[in-house]
Amino acid sequence: MGRMAGRRILSAVPVLLAVTFGVFAVAAASPFDPVKAYAGTAGLTASQAELDQLRANLGVDQPFVQRWWDWLTSALGGDLGDSSVLRQPVADVIAERIGWSALLAIAAFAVAILLGTALGVLAARRRGGWLDRSVSSAAYTLEAAPAFWLGLLAIWFFALKLGALPAGGLTDTASDTVTPGQVISHLVLPAGVLGLSQLPWFFLYVRQGVGDALAEDPVRGARARGLAERTVLTGHALRSGMLPMLTLIGSRVPELITGALLVETVFSWPGIAAATVQAATSVDFPLLAALTVLATAAVLLGNLLSDLLYGLADPRVGFDG
């Protein structure tokens, strides 16, 4: 396991380098001017000399290769630079927001995995039954529903129509303190929406895997020996049928990140979504590069986690082969 993890980490280094280089290359070709974004309305009346001086102060007058190299060497030394649009160190921007984004993503993933697994197992036990048909139809519908549309629908129904849950934010209106109770109540809708947007894939994978496992000869033999149906399901079919689902965890991380950005925006959740949007539209090189590296690292770690879980669940898979 250790050797495989080490190889994956080493292979991730050139990937991250290529990603950061691509970010600076794309940003250099962008029509957005970071100097005008930094100056704001003051840039409308500023002289060309003042704009050139500001361009030099921000370091955007250099070729993008030089800007990338300067950022990379500083980042390796622990300095991620300063955000030109948020006017604070990039490390502080990420530190203030990454915890709330992680909380949302973990809660949503838990909803998707637990609920998708439970419904998938129940549907697999009675293929073609009313539960299987109903949940499968809902899953295919959710696959085609954008996360932001689900978020707006949830706000309309649960917050505006029923008044049961807050529509967004992290705390109640006029509250200047963050309490666990407020965080939980404000987390329910965004985590539920993001989890539902990921649920169809987990449900369909578990349904297919467990359904196929129930039709295998070892499971039939266990039933013929008189084992209880619960023992057959949990001890034989579930373990075998869950293996394909484990590989899905890593592949869903990019979609989870994209969905989290949309959901955070809809629900005004104080994560990294707003910073990402501002960094992209304002061509904030240091912040954009750091957030892209963070997202890429999350995808690579998700893929590694899938392989580790698969190897732990199936001893026949060799970690160091």
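In case you missed it, the structure is sitting above this.
Residues numbered from 1 in each chain as written. Predicted model: local features only at pLDDT ≥ 70, side-chain atom pairs only at ≥ 80, totals over all residues. Heavy atoms only, no water.

Trainee: Got a sec to walk through the overall build of the protein? Specific residues and values, please.
Mentor: Scanning the protein from N- to C-terminus turns up 13 helices and two strands. Counting all 321 residues of the protein, 38% fall into the buried class. A separation of at least 24 residues holds for 74% of the contacts in the protein among residues at least 6 apart in sequence. If you sum the accessible surface of the protein, you get close to 16,800 Å²; carbon and sulfur atoms cover 65% of it. (Helix = DSSP H or I, 4+ residues; strand = E, 2+ residues; numbered from the N terminus. Buried < 20%, exposed > 50% of the residue type's maximum accessible area, 1.4 Å probe, protein only. Contact = heavy atoms within 4.5 Å. Areas by Shrake-Rupley, 256 points an atom, 1.4 Å probe, with all protein chains shown as cover.)

Trainee: So what's going on with the environment of Val193? Which residues, and what values?
Mentor: Its place among the elements puts Val193 in helix H8 (residues 180-214). On the basis of relative accessible area, Val193 is assigned to the buried category, the value being 6%. For the pair formed by Val193 and Ala112, sequence separation is 81 residues and the distance between their alpha carbons is 9.9 Å.

Trainee: Report on the nonpolar core, specifying residues and quantitative values.
Mentor: Where a protein is soluble and globular, its nonpolar side chains tend to be buried together. Leu104, Leu194, Phe202, Val210, Val263 and Phe267 are the most contacted members of the largest nonpolar core, which totals 43 residues. Of all the secondary structure elements, the ones that give two or more residues to this core are helix H5 (90-125), helix H7 (147-161), H8, helix H9 (217-224), helix H10 (229-251) and helix H11 (253-266). Tallying contributions element by element places H8 first for this core, with eleven residues. In contact with Phe202, not counting residues within four places along its chain, are Phe109, Ala112, Ile113, Gly116, Met245, Leu248, Ile249 and Arg252. One finds Ala27, Leu86, Ala279 and Leu288 within the second-largest nonpolar core, a separate group that totals 20 residues. (Core = buried A, V, L, I, M, F, W, Y, C linked by side-chain atoms within 4.5 Å.)

Trainee: A description of a nonpolar patch on the surface should follow, citing residues and the corresponding values.
Mentor: On the surface, Phe148, Trp149, Leu152, Leu153, Trp156, Phe157, Phe158, Leu160, Leu162 and Leu262 cluster together to form a nonpolar patch covering roughly 990 Å² of accessible area. Ranked by residues supplied to the nonpolar patch, first place goes to H7 with eight residues. Mapped onto the elements, Leu160 comes out in helix H7. (Patch = residues over 30% accessible without salt bridge, like charges linked within 9 Å, V, L, I, M, F, W, Y side chains within 5 Å. Salt bridge = Lys/Arg side-chain N within 4 Å of Asp/Glu carboxyl O.)

Trainee: Run through the packing of H5 against H8, naming residues and quoting values.
Mentor: Following both chains from N to C, one finds H5 and H8 inclined at 35°, their axes separated by 4 Å at the closest point. H8 is crossed by H5, and the crossing has right-handed handedness. Residue composition of the contact of H5 with H8, grouped by class: 25 nonpolar, six polar and two charged. (Axes fitted to C-alpha atoms, helices over the stretch in contact; angles between N-to-C directions. Left-handed = near helix turned anticlockwise from the far one by under 90°. Nonpolar A, V, L, I, M, F, W, Y, C, P; charged D, E, K, R; others polar.)

Trainee: Mind laying out the packing of aromatic side chains, listing which residues take part and the relevant values?
Mentor: Two measures describe an aromatic ring pair: the distance that separates the ring centres and the angle between the ring planes. Here the structure, examined in full by the defined rule, presents six aromatic pairs. Ring geometry for Phe21 against Trp68: centres 5.1 Å apart, planes inclined by 90°, an arrangement best described as edge-to-face. Pair noted here: Phe21 is in helix H1 (residues 2-28) and Trp68 is in helix H4 (residues 64-76), with a separation of 47 residues, a long-range link. Seen in terms of ring centroids, Trp68 and Trp69 are 6.2 Å apart; in terms of plane orientation they differ by 55°. Their pairing is tilted. Its relative accessible area of 13% is what places Trp68 among the buried residues. Residue classification places Trp69 among the partly exposed positions, given a relative accessible area of 48%. Among the aromatic side chains, those forming a connected cluster through ring pairs are Phe21, Trp68 and Trp69. (Phe/Tyr/Trp six-rings, centres within 6.5 Å; stacked < 30°, edge-to-face > 60°.)

Trainee: Lay out helix H12 (residues 273-281) with the relevant residues and their values.
Mentor: Residues of H12 that are buried: Ala273, Ala275 and Ala279. Projected down its long axis, H12 carries its buried residues within an arc of 165°, all on one side. Directly beyond the C-terminal end of H12, a positive phi value near 50° is found at Val283. (Arc of directions from axis to C-beta.)

Trainee: Give me the lowdown on the pattern of salt bridges, citing residues and values where you can.
Mentor: Summed over all chains, the structure comprises two salt bridges. Note that Glu96 and Arg97 form a salt bridge whose closest N and O atoms lie 3.4 Å from each other. Classification of Glu96 by relative accessible area gives partly exposed; the value is 45%. Linking Arg207 and Asp132 is a salt bridge whose minimum nitrogen-to-oxygen distance equals 2.6 Å. Remark: Asp132 occurs in helix H6 (residues 130-143) and Arg207 occurs in helix H8; sequence separation between them is 75 residues.

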